Amino acid sequence: MEVKKKHGFTGSIGFVLAAAGSAVGVGNIWRFPYLVARDGGGLFILVYLVLVLTFGFVLLTTDIAIGRKTGKNAWDAFQSIVPKWGFLGKLTFLVPTLIMTYYCVIGGWILKYAFVFLSGQGQIAANDGYFTQFIQNPISPIFFMLVFLIITSIIVYKGVEKGVEKFSRYVMPILLVIIVGIALYSLTLSYTDASGVTRTGIQGLAVYLIPQFEGLTISKFLNIVLDAMSQLFFSLSVSMGIMITYGSYVKKDVNLNKSIAQIEFFDTSVALIAGAMIIPSVFVFTGIDGMAQGPSLMFVSLPKVFASMGIAGPIVGLLFFVMILFAAFTSSVSIMETLVANCMNIFDKNRKQMSLVICLYSLVAAIIICLGYNVFYFECTLPNGVVGQLLDIADYISNSFLMPLISFLTAIFIGYIVKPQWIIEEIEQDGVKFKRKKSSFPPKRVNEFNK
Ligand code: PHE
């Protein structure tokens, strides 16, 4: 396969960093904390961890193994295994098509905050209503989204190897150090509100970590499970063809066992630390009432944290937004890369042409999403009871509907049609035993698809 030869990863580290670069992004730092906060803290984390270790692991392994074994993009991979199941590959394509439309909008928001801190105006961003005013402006969010999208497109235009691999190598460790630092600082916060109530960061940490079962109803619990599941897909970048494409770039001698465990560990750790950075501070400044803010949570709470840091605040704030901007780029690059690589195959056009077409498509869709907060504003109640705008609708359709459906179909496909042994053999290619196969994949007999 031409694309594979041109853009193969240089080794295990290159693959892990690029896959982690795709996985770690605004999902970990923006989405995970707001879902934890909205769903009441500790219980969400518990459910999420169980899902990562079971579901998440199996799905990530499956995607990467399918990619490496077939050497194809999702679009063709399923078709090449069992022609009748080719539709599943086509279905996965819908997810990045949808996610791309709003990922660059959030990338634009982050870019805007990086600029605000760069121009020394971080203090203003801490004011109540600042974020809402920004997204309600019909021009500014579109401008920042456009810059974010153009940079993403340029990186994709140059190809996975050069763009993503180099990027992740430097960004990830720095990002980790910064969020650990801010998380530790958040724990030291203390604030007395107008009614004289004092709240501390440690109390906030307890809200974040300790599961509360009081008042829990079955429907509330099911909502938490669905939210955790949607977050899992989004965060690990599974069930959307992306990890299949990445798998197709991996050399046969790479130890997939180890690489997958590393990706999973890194992605989950960043999400957990990001939660420890945001939830205690939200609790300190706005109490339990402020936790249900949804997508605006990070943008409203963190500037307040930076403002409370005194002279160090503007610098830490700038560093934070620049680093998360890089993390967002590595993810958006992976989304666009999948779209471009698939379209190159489907339409038999080159990378240059397809990058342009996908960039144009994303631009039009993202403008509509931006206008969902002003010109096209309306309130829509989603099936989980959350009231949202266009961005929330796109997010809900891709993460809470399409991805669970694709995962379910993939589970049937691997579990009953192809049989898990097909995956296990691919994981054991390099001679290392697949240790988690017993708990994760019921051992099945070898079947006709083994080559
Ligand atoms: N996993 C990325 C994140 O957490 C987002 C993403 C979604 C990347 C889908 C690729 C595909 O931000």
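Residues numbered from 1 in each chain as written. Predicted model: local features only at pLDDT ≥ 70, side-chain atom pairs only at ≥ 80, totals over all residues.

With that settled, consider the overall build of the chain. Tallying secondary structure elements over the chain gives 21 helices and four strands in all. Computed over its C-alpha atoms, the radius of gyration of the chain comes to 21 Å, within 12% of the 22 Å expected for a compact globule of 451 residues. Overall, the chain is about 70 × 50 × 40 Å in size when its C-alpha atoms are taken along their principal axes. Pairs at least 24 residues apart make up 82% of the contacts formed inside the chain by residues separated by at least 6 positions. (Helix = DSSP H or I, 4+ residues; strand = E, 2+ residues; numbered from the N terminus. Rg over C-alpha atoms; globule rule 2.2 N^0.38 Å. Contact = placed C-beta atoms within 7 Å.)

Okay, the site of the ligand next. In the vicinity of the ligand there are 16 residues, among which Gly25, Gly27, Ser235, Ser237 and Ser331 approach most closely. A class-by-class count of the residues in the shell around the ligand yields eight nonpolar, eight polar and no charged. (Near = placed C-beta within 6 Å. Nonpolar A, V, L, I, M, F, W, Y, C, P; charged D, E, K, R; others polar.)

We note that Ser237 has phi near 55°; this positive angle belongs to a residue other than glycine. Counting through the fold element by element, Ser237 comes out in the loop between α13 (218–236) and α14 (242–248). C-beta crowding within 10 Å serves as the criterion here: with 30 such atoms nearby, Ser237 is assigned to the buried category. For Ser239, which is not a glycine, the phi torsion comes out positive at approximately 60°. By the element assignment, Ser239 lies in the loop between α13 and α14. (Buried ≥ 20, exposed ≤ 12 C-beta atoms within 10 Å, placed from the backbone.)

This part takes up the packing of helix α3 (residues 26–38) against helix α15 (residues 256–286). Direction vectors running N to C along α3 and α15 enclose 55°, while the axes themselves pass 8 Å from each other. The angle between α3 and α15 places the two elements in the oblique class. Crossing of α3 over α15 shows right-handed handedness. Packed against α3, whose contacting residues are Asn28, Ile29, Phe32, Pro33, Val36 and Ala37, the element α15 presents Asp267, Val270, Ala271, Ala274, Gly275, Ile278, Ile279 and Val282 at the interface. For the contact of α3 with α15, a count of residues per class yields eleven nonpolar, two polar and one charged. (Axes fitted to C-alpha atoms, helices over the stretch in contact; angles between N-to-C directions. Parallel < 35°, antiparallel > 145°, perpendicular 65-115°, else oblique. Left-handed = near helix turned anticlockwise from the far one by under 90°.)

Right, let's get into the packing of helix α17 (residues 313–347) against helix α18 (residues 351–371). It is at 9 Å that the axes of α17 and α18 come closest, and there the two elements cross at 125°. Considering the angle they form, α17 stands oblique to α18. As α17 packs across α18, the resulting crossing turns out to be right-handed. Of the residues in α18, those in contact with Met336, Leu339, Val340, Cys343 and Met344 of α17 are Arg351, Met354, Ser355, Val357 and Ile358. Its residues placed into classes, the contact of α17 with α18 shows eight nonpolar, one polar and one charged.

What follows covers the environment of Tyr373. Looking at the secondary structure, you find Tyr373 in the loop between α18 and β3 (380–381). Owing to 19 C-beta atoms within 10 Å, Tyr373 belongs among the partly exposed residues under this scheme.

For any part of a model where pLDDT is low, the fine detail of the predicted coordinates should not be relied upon. Mean pLDDT for the chain: 89, with 92% of residues reaching 70 or above. Here residues 1–6 is modelled with pLDDT under 50, and outside its nearest four sequence neighbours on either side it reaches eight contacts, counting other chains as well. This stretch, residues 439–451, has a pLDDT under 50; its non-local contacts, to residues over four places away or in other chains, come to 19 contacts. (pLDDT = per-residue confidence, 0-100.)

Before going further, it helps to spend a moment on α18. With 21 residues, α18 extends 30 Å between its outermost C-alpha atoms, agreeing within 8% with the 30 Å of an ideal straight helix rising 1.5 Å per residue. For α18, the elements touching its buried residues are α7 (94–118), α10 (140–158), α17 and α19 (390–418). (Expected span 1.5 Å × (residues − 1).)

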